[in-house]
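Structural overview
Spelled out, the chains give:
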Amino acid sequence: MQVIESIEKMQSMAISLRLEGHLIGFVPTMGCLHQGHLSLIDRAKNSSDKVIVSIFVNPTQFGPNEDFDRYPRLLKEDLKLCEEAGVDIVFCPSMNDMYPEGYSTYVDEVFVGKDLCGISRPNFFRGVSTICVKLFNLVRPDFSYFGKKDAQQCAVIKKVVNDLNIATEIIECETVREPDGLAMSSRNRYLTEAQRADALAISKALFHAKDMVANGADNADRIIAEITHELAKFRRIRIIYVQVVDSVSMKAVRTILPKKTIVCVAAWVDEVRLIDNIEL
Ligand code: PAF
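Fair warning: this is a prediction, and the values are worked out from it, not measured in the lab.

**Focus on the overall build of the protein chain**
- Helices and strands together make up the secondary structure of the protein chain, namely 9 helices and 9 strands.
- Among the 280 residues that make up the protein chain, the fraction classed as buried is 52%.
- Roughly 13,500 Å² of accessible area belongs to the protein chain as shown, and the carbon and sulfur atoms make up 51% of that amount.

Have a look at this one:
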């Protein structure tokens, strides 16, 4: 496995791999890798012959009072996991190379990213879109793999790639859950035992919503009310939003359409912000 830090080296490597006819699969990450990331790497290995993982904690997607400084950085452990998973190249550029002094160009998708997390984290999708476009330009992937846990992120990136004619196919991969249902997330490591126990209510409420739909419920308001009611039972949980949306536009819908509608939740569990969603 090669570890590349320099932008120039990554660019020339990507060009050589393409000239040699390799299909490049790309998994962008902020490190602190868990089973969710490993499942993306696994998918990439199945459909590409060179797998590149980027590790970069992207400052532009964090708000001023968010957890950028304390976001877990575990490069040594991450590199070991990548090596064991059979990754070919890990790209871990420096902050200064990605955002040198005077940096002033951003990618701002203004429709899909507007609601849900776009309201509570106003610059988040601009930061994510900007870093992903920069990484796509450097890595030149045929396929790029994102987890469905971040459903709005997937939808925004798909829209950006489509609108800007970027030649990578976005592959959305299923959310990986702990055996008890909690969606895997790098932020889960912030949770105390008691907080983790309460956090479980989020996935439970989502599974309950899916059951309701399987049993004939088709009204979004009913689903939202039920999830809100379930989460309100937990004193550590404060809901940021519960919304039933179209999975492409991420706009609220009133009626549930199979395979097209998801219900998304964002909530604070004390000071830890978690998101999750499920297809209805
Ligand atoms: O999902 C993430 O880890 C990040 O938002 C991403 C896509 C790597 C961009 O920094």
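**Side note on the packing of aromatic side chains**
- The tally for this structure, following the rule as stated, stands at 8 aromatic pairs.
- Ring centres of Phe62 and Phe68 lie 5.3 Å apart, and the angle between their planes is 65°; on these two criteria the pair is classed as edge-to-face. Phe68 matches Phe62 in its accessibility class, with the two residues each being buried.
- Linked through ring pairs, Phe56, Tyr99, Tyr103 and Tyr106 together constitute an aromatic cluster.

**Let's talk about the pairing of strand E9 (residues 272–279)**
- Across the 8 residues of E9, 6 count as buried, placing the element largely inside the fold.
- Of the pairings in the sheet, the one linking strand E8 (residues 261–269) to E9 comprises 8 bridges and is antiparallel in character. Bridge assignment links Cys264 to a residue of E9, and that residue is Asn277.
- In sequence, E8 turns back onto E9 through a hairpin of 2 residues, with Asp270 there showing a positive phi of about 50°.

**A short note on the layout of surface pockets**
- Estimated volume of the second largest pocket: approximately 450 Å³.
- In this structure, the second largest pocket is lined by 24 residues; those nearest its centre are Lys148, Glu172, Ser247, Ile262 and Glu279.
- Those elements that place two or more of their residues in the lining of the second largest pocket are helix H7 (151–163), E8 and E9.
- It is H7 that contributes the most residues to the lining of the second largest pocket, 5 residues altogether.
- In terms of residue class, the lining of the second largest pocket is built from 9 nonpolar, 6 polar and 9 charged.

**As for the nonpolar core**
- The biggest cluster of nonpolar side chains holds 44 residues, and the ones touching the most others in it are Met10, Ile52, Phe91, Met98, Phe136, Ile157 and Met250.
- Listed by contribution, the elements that provide at least two residues to this core are helix H1 (7–19), strand E2 (24–29), strand E4 (89–91), helix H6 (124–139), H7, strand E7 (237–246) and E8.
- Those residues in contact with Ile52, other than ones at most four positions away along the chain, are Met10, Leu17, Ile24, Gly25, Phe26, Val27, Ile89 and Val139.
- Ranked by size, the runner-up nonpolar core spans 34 residues in total, among them Leu191, Val265, Leu274 and Ile278.

**Quick word on the site of the ligand**
- Lining the immediate environment of the ligand, one finds Pro28, Thr29, Met30, Asn58, Gln61, Val128, Ile131, Cys132, Phe146 and Gln153.
- A distance of 2.6 Å is found between an oxygen atom of the ligand and a side-chain nitrogen or oxygen belonging to Gln61.
- One of the side-chain nitrogen or oxygen atoms of Gln153 is found 2.7 Å away from an oxygen atom of the ligand.
- Isolated, the ligand exposes 280 Å² of accessible area, and the fraction of that covered by the protein chains is 89%.
- For the shell around the ligand, the leading source of residues is H6, giving 3 residues.
- Across the shell around the ligand, the residue classes break down as 6 nonpolar, 4 polar and no charged.

**Here we look at the sheet that holds strand E1 (residues 2–4)**
- The strand order across the open sheet formed by 6 strands is E1-E4-E3-E2-E5-E6, and the pairing between neighbours is parallel. Bordering the open sheet on either side are E1 and strand E6 (169–173), each of which pairs with just one other strand. Strand-to-strand twist of the sheet, defined as the mean angle between neighbouring strand axes without regard to direction, takes the value 25°.
- Looking at chain direction, E1 and E4 are connected through 3 bridges and run parallel. Looking across to E4, one finds that Gln2 is bridged to Ile89.
- Strands in contact with helix H2 (residues 35–47) are E2, strand E3 (50–55), strand E5 (143–147) and E6; relative to E5, the strand with the most contacts, it is inclined by about 155°.
- Contacting E5 and E6, H7 runs over the sheet at an angle of about 170° to E6.

**Here we look at empty space enclosed by the protein**
- This model, assessed by the stated rule, comprises 1 cavity of 30 Å³ or more.
- Computed from the structure, the largest cavity encloses a volume of approximately 70 Å³.
- For the largest cavity, the full set of lining residues is Lys149, Leu182, Ala183, Ser185, Asn188, Ala199, Ile202, Ser203, Leu274, Ile275 and Asp276.
- Its residues placed into classes, the lining of the largest cavity shows 6 nonpolar, 3 polar and 2 charged.

Scoring rules and cut-offs
- Residues numbered from 1 in each chain as written.
- Predicted model: local features only at pLDDT ≥ 70, side-chain atom pairs only at ≥ 80, totals over all residues.
- Heavy atoms only, no water.
- Helix = DSSP H or I, 4+ residues; strand = E, 2+ residues; numbered from the N terminus.
- Buried < 20%, exposed > 50% of the residue type's maximum accessible area, 1.4 Å probe, protein only.
- Areas by Shrake-Rupley, 256 points an atom, 1.4 Å probe, with all protein chains shown as cover.
- Phe/Tyr/Trp six-rings, centres within 6.5 Å; stacked < 30°, edge-to-face > 60°.
- Pairing = 2+ DSSP bridges.
- 1 Å grid on protein atoms, 1.4 Å probe; cavity = no way out; pocket = protein on both sides within 12 Å on 5 of 7 lines; lining within 4 Å.
- Points joined across faces, edges and corners; volume = space filled by probe spheres on them.
- Nonpolar A, V, L, I, M, F, W, Y, C, P; charged D, E, K, R; others polar.
- Core = buried A, V, L, I, M, F, W, Y, C linked by side-chain atoms within 4.5 Å.
- Contact = heavy atoms within 4.5 Å.
- Near = heavy atom within 4 Å.
- Polar contact = N/O pair within 3.5 Å; in protein donor to acceptor, adjacent residues only side chain to side chain.
- Axes fitted to C-alpha atoms, helices over the stretch in contact; angles between N-to-C directions.

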